[in-house]
Amino acid sequence: MHSFRSILDAIRHYDTIIIHRHKSPDGDALGSQIGLKHLIIENFPEKTVYMVGDAAGRYSFMKDSIMDEISDEVFKGALCILLDSSAKHLLSDDRYALSRFTIRIDHHLFVEKIAEMEYVDSTSESCAGLIAQMAMDNGLAVSETAAAALYTGMATDSGRFRYDSTSGNTMRRAAFLLDQKIDISEIYRNLYASDFEQLLLRAKYTLKIKFTENRVAYIVTTKEELKESGADIFAISRGMVGIMSDIRGVDVWVNFTETENGVLCELRSDKYNINPIAVKYGGGGHKKASGATVKNLHEAMNMLHDLDALSGGQTE
């Protein structure tokens, strides 16, 4: 694995830097992307830095969250940095292949090599935390915008510092970012804010929860139900998986959302390593929080069967 120093050396070498992250961004993908952009701008003001990818969606409250529209020509001779992604097919905007050189910084379990220089640490609570660590280790100046973005990424991917990926290093990184005088009240106000319609949607989806024999909680949303809800796909897929997280006696839960392009599967556990099951179905992620997209609901039910076997202490 390469070092933060070698990553900074590469940044110094290129005039144009383009930062990518995974599709349908969460707080960590955007936080690490925005945070890294502003770290580079603050410490290497002569560089031209772009961010590319699909829209910020739920996290558009973050400062500088609007992506850049750039032509293929801009990629030629540029450095592309790929963040928070374990596999090529997860990346938003595949034009990084046109660049001169690629770097990947990630905290997911390793799936495949996707860049020429890679820094992957699956013990980190977030990708944003790795960017913060790079700033700490190398004495980089950190602007308020960078600090707020990185803190948001750390807070969201650690479950507001609840998940067991949270470590002493996590809190030292958070303290470092807090020293930059960011407004965490504003950050949490945006993270926890819900429209009344969202509250009604969560109530509706709570009533949809079902259980397998071994107490795997699950929700299934068909294409028709998704369309009827009028909600964004990921407001249902990622947004509703959390309503099953605090049910007593449930150690594994999964949310299935049928779309025109397959079934989105969000797998979670507070006890078991569910990542191998996600990988079996073409996905990936973390030991206790992973995702995959399967072809149809029949395949989704096969996944549910595997999760039920895991929850029941069985091996396939």
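Report follows, based on the coordinates. (Residues numbered from 1 in each chain as written. Predicted model: local features only at pLDDT ≥ 70, side-chain atom pairs only at ≥ 80, totals over all residues. Heavy atoms only, no water.)

Regarding the sheet that holds strand β1 (residues 16-20)
Spatially, β2-β1-β3-β4-β5 is the arrangement adopted by the 5 strands of the open sheet, whose pairing is parallel. What marks the edges here is a single partner per strand, and that holds for β2 (48-51) and β5 (117-120). Strand after strand, the sheet turns through a mean of 15 degrees between neighbouring axes, direction not considered. Here β1 pairs with β2 via 4 bridges, running parallel. In the strand pairing of β2, T16 is matched with T48. (Pairing = 2+ DSSP bridges. Helix = DSSP H or I, 4+ residues; strand = E, 2+ residues; numbered from the N terminus. Axes fitted to C-alpha atoms, helices over the stretch in contact; angles between N-to-C directions.)

Notes on the sheet that holds strand β9 (residues 262-269)
The strand order across the open sheet formed by 6 strands is β6-β7-β8-β9-β11-β10, and the pairing between neighbours is mixed. In this open sheet, the two strands that pair with only one neighbour each are β6 (210-211) and β10 (284-285). As paired strands, strand β8 (residues 252-259) and β9 are joined by 8 bridges and run antiparallel to one another. Within β9, the position partnered with W253 by the bridge is R268.

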